[in-house]
Amino acid sequence: MKNVLVTGADGFIGSHLTEALLEAGCNVRAMSVYNSFNYWGWLDDIHHNRLEIVSGDVRDPNFCREAMKGCDTVFHLAALIAIPYSYTAPDSYVDTNIKGTLNICQAARDCGVERLIVTSTSEVYGTAQYVPIDEKHPKQPQSPYSATKIGADAIALSFHNAFKLPVVVARPFNTYGPRQSARAIIPTIITQIANGVREIKVGDLTPTRDFNYVKDTCAGFIALAKAEGVEGQEINICSSSEISMKDTLEMIAELMEADVTWVTDPARIRPRNSEVFRLYGDNTKITHLTDWRSRYSLKDGLRETIEWFSNKENLKKYKYEIYNR
């Protein structure tokens, strides 16, 4: 990896991946969604002489092709990700997640990219039919969001089969850490507690999740970009463990030394057939194909996350009193 393109680099995982690639010695072209304010999201805080930021939109095929020129490796992370918002704006998810991935695949084929990493999500599996969830688990479109990610994965794999595109579908489970958006449960809880709230608004606390600290997720992406013989495969990036939402929130409260109670907010409850009640991944494949291992325990990752959110300059960027759909 010498010259790398990262789409969605202005977001949570994308900004961390950009930093990790710069630390690894790569020249990084980071794609930020276009706006008229020259706002680059989390990239505004990253300064490096090997970082080039370009503004555009993955929904535009010509822009994707131009942005990719000269790059040997591409990490495609740009997507709409909020599940509740996909209930009311499914067209946007089709345009960005499916058509955007098609544009990236076509550009990668035309530009002769050596490796394309397409970002999937554990949500494509839906509620576990068996655990741990390996890559052969059936796909279940339990939300418009997950349906579009299933479609995006299929587009990417079709380009491998039809055009021998060297693509890998990387499937991270529940990534958390500094800079995560307030739509996710961990930052939602931390920001409420850090702002002095003692009655914490939550959704359903019974589902389980396989949490992955963001630095581990980024290390997984890089490992898959360097590994041999992984093209055309879907590969989980997960900790191979599970914990309930309730136990996670109690761990956060303990680490923050907060005496709080949980209050169910009906707005935060997904439709029952859309809720994913159990996610517990199998990381056998990635640990067999690469030297990747999960390095962070949940408690250690939460400590770093809490420390970042507790910084007043970071905390003030979050509207903790508003539920972000």
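As a reminder, the structure under discussion sits directly above these lines.
A quick note: this is a predicted structure, and the numbers were derived from the prediction, not measured.

Asker: Looking at this structure, I do not really get the packing of aromatic side chains. What am I missing?
Answerer: Two aromatic rings, taken as a pair, are described by how far apart their centres are and by the angle between their planes. What the rule picks out here adds up to 11 aromatic pairs. A ring pair is formed by Trp308 and Tyr318, whose centres lie 6.3 Å apart and whose planes are at 90°; its orientation type is edge-to-face. Here the residue Trp308 occupies a position in helix α10 (residues 298-310), and Tyr318 occupies one in the segment after α11 (312-315), the gap between them amounting to 10 residues. You'll find Trp308 and Tyr318 in the same group, each marked buried. Here the aromatic cluster, defined as three or more aromatic residues joined through ring pairs, consists of Trp42, Trp308, Phe309 and Tyr318. We note Arg109 situated over the ring of Phe163; from NZ or CZ to the ring centre the distance is 4.7 Å.

Asker: So what exactly am I meant to see when it comes to the state of the cysteines here?
Answerer: Going through the model one piece at a time under the given rule, you end up with 0 disulfides. We note that Cys111 lacks a disulfide partner, and the nearest cysteine sulfur, in Cys71, lies 8.2 Å from it. Of the residues examined, Cys111 reaches a relative accessible area of 26% and is grouped as partly exposed.

Asker: Where do I start with the environment of Ser158 in this structure?
Answerer: Checked against the element boundaries, Ser158 lands in helix α5 (residues 144-163). The sequence separation of Ser158 and Gly232 amounts to 74 residues, and the corresponding C-alpha distance is 8.7 Å.

Asker: Can you help me understand the sheet that holds strand β5 (residues 115-119) in this one?
Answerer: Note: strands within a sheet are paired through backbone hydrogen bonds, in either parallel or antiparallel orientation. Spatial strand order, β3-β2-β1-β4-β5-β6-β11: 7 strands in an open sheet with parallel pairing. Two strands lie at the open edges of the sheet, namely β3 (51-56) and β11 (234-237), each paired on one side alone. Adjacent strand axes in the sheet meet at a mean angle of 20° when their direction is disregarded. Two strands pair when backbone bridges link them, and strand β6 (residues 167-172) and β11 are joined in this way by 4 bridges, in the parallel orientation.

Asker: What is the right way to read unusual backbone geometry from this model?
Answerer: Negative phi characterises most residues that are not glycine, and trans characterises most peptide bonds. Looking along the chain, the bond that leaves Val131 and enters Pro132 is cis, with omega of -10°. One non-glycine residue with positive phi stands out, namely Ser240, at about 60°. Take Ser240: it is sitting in the loop between β11 and β12 (243-244). Relative accessible area serves as the criterion here: at 27%, Ser240 is assigned to the partly exposed category. With phi around 50°, Glu257 is a residue other than glycine that occupies positive phi space. Looking at where Glu257 falls in the secondary structure, it is placed in the loop between α8 (245-255) and β13 (261-264). For Glu257, a relative accessible area of 75% puts it in the exposed group.

Asker: Help me understand the pattern of salt bridges, please; the structure alone is not making it clear to me.
Answerer: Pairs can form between side chains of opposite charge whenever their charged atoms are close. Inspection of the entire model under this criterion finds 20 salt bridges. Of the charged contacts in the structure, one is a salt bridge between Arg59 and Asp57, with a shortest N-O distance of 2.7 Å. Owing to a relative accessible area of 21%, Asp57 belongs among the partly exposed residues under this scheme. In this structure, Arg270 and Glu123 form a salt bridge, with 3.3 Å as the shortest nitrogen-oxygen distance. Of the two residues, Arg270 sits in the loop between β13 and α9 (284-289) while Glu123 sits in the loop between β5 and α5, which places them 147 residues apart along the sequence. Relative accessible area serves as the criterion here: at 15%, Arg270 is assigned to the buried category. The exposure class of Glu123 is buried, given its relative accessible area of 7%.

Asker: Help me out: how do you make sense of α5 in this one?
Answerer: Within an α-helix, residues lying three or four positions from one another point in the same direction, as the helix has 3.6 residues per turn. Taking 1.5 Å per residue, 20 residues should reach 28 Å; α5 reaches 28 Å between its end C-alpha atoms and fits that length. Of the positions making up α5, those classed as buried are Tyr145, Ser146, Thr148, Lys149, Gly151, Ala152, Asp153, Ala156, Leu157 and Phe159. Lining the buried residues of α5 we find α3 (83-88), α4 (90-111), β5, β6 and β11.

Asker: Sorry if this is basic, but what is going on with the packing of helix α6 (residues 185-194) against α10 here?
Answerer: Packed helix pairs are specified by the crossing angle of their axes together with the interaxial distance, meaning the distance between the axes. Where α6 contacts α10, the two axes come as close as 10 Å, and the packing angle between them is 50°. In terms of axis orientation, α6 runs oblique to α10. Note that α6 runs across α10; the crossing there is right-handed. In contact with Ile186, Pro187, Ile190 and Thr191 of α6, α10 contributes Leu302, Thr305, Ile306 and Phe309. Residues of the contact of α6 with α10, tallied by class, amount to 6 nonpolar, 2 polar and no charged.

Asker: What am I meant to see in the pairing of strand β4 (residues 73-76) here?
Answerer: Note on strand geometry: in a regular strand, side chains alternate between the two faces of the sheet. In β4, alternate side chains face the same way, and those of Thr73 and Phe75 on one face and Val74 and His76 on the other are all buried. Of the pairings in the sheet, the one linking strand β1 (residues 3-7) to β4 comprises 4 bridges and is parallel in character. Pairing of Leu5 across the sheet is with Val74, part of β4. Where β4 lies against β5, 4 bridges are found, and the strand directions are parallel.

Asker: Could you clarify how one ought to interpret the environment of Ala30 in this entry?
Answerer: For Ala30, the position within the fold is in strand β2 (residues 27-33). Contacts of Ala30, omitting those with residues within four sequence positions, involve Val6, Ala9, Thr18, Leu43, Leu51, Glu52, Ile53 and Val54.

Conventions adopted
Residues numbered from 1 in each chain as written. Predicted model: local features only at pLDDT ≥ 70, side-chain atom pairs only at ≥ 80, totals over all residues. Heavy atoms only, no water. Phe/Tyr/Trp six-rings, centres within 6.5 Å; stacked < 30°, edge-to-face > 60°. Helix = DSSP H or I, 4+ residues; strand = E, 2+ residues; numbered from the N terminus. Buried < 20%, exposed > 50% of the residue type's maximum accessible area, 1.4 Å probe, protein only. Lys NZ or Arg CZ within 6 Å of the ring centre and 35° of its normal. Disulfide = S-S within 2.5 Å. Pairing = 2+ DSSP bridges. Axes fitted to C-alpha atoms, helices over the stretch in contact; angles between N-to-C directions. Salt bridge = Lys/Arg side-chain N within 4 Å of Asp/Glu carboxyl O. Expected span 1.5 Å × (residues − 1). Contact = heavy atoms within 4.5 Å. Parallel < 35°, antiparallel > 145°, perpendicular 65-115°, else oblique. Left-handed = near helix turned anticlockwise from the far one by under 90°. Nonpolar A, V, L, I, M, F, W, Y, C, P; charged D, E, K, R; others polar.

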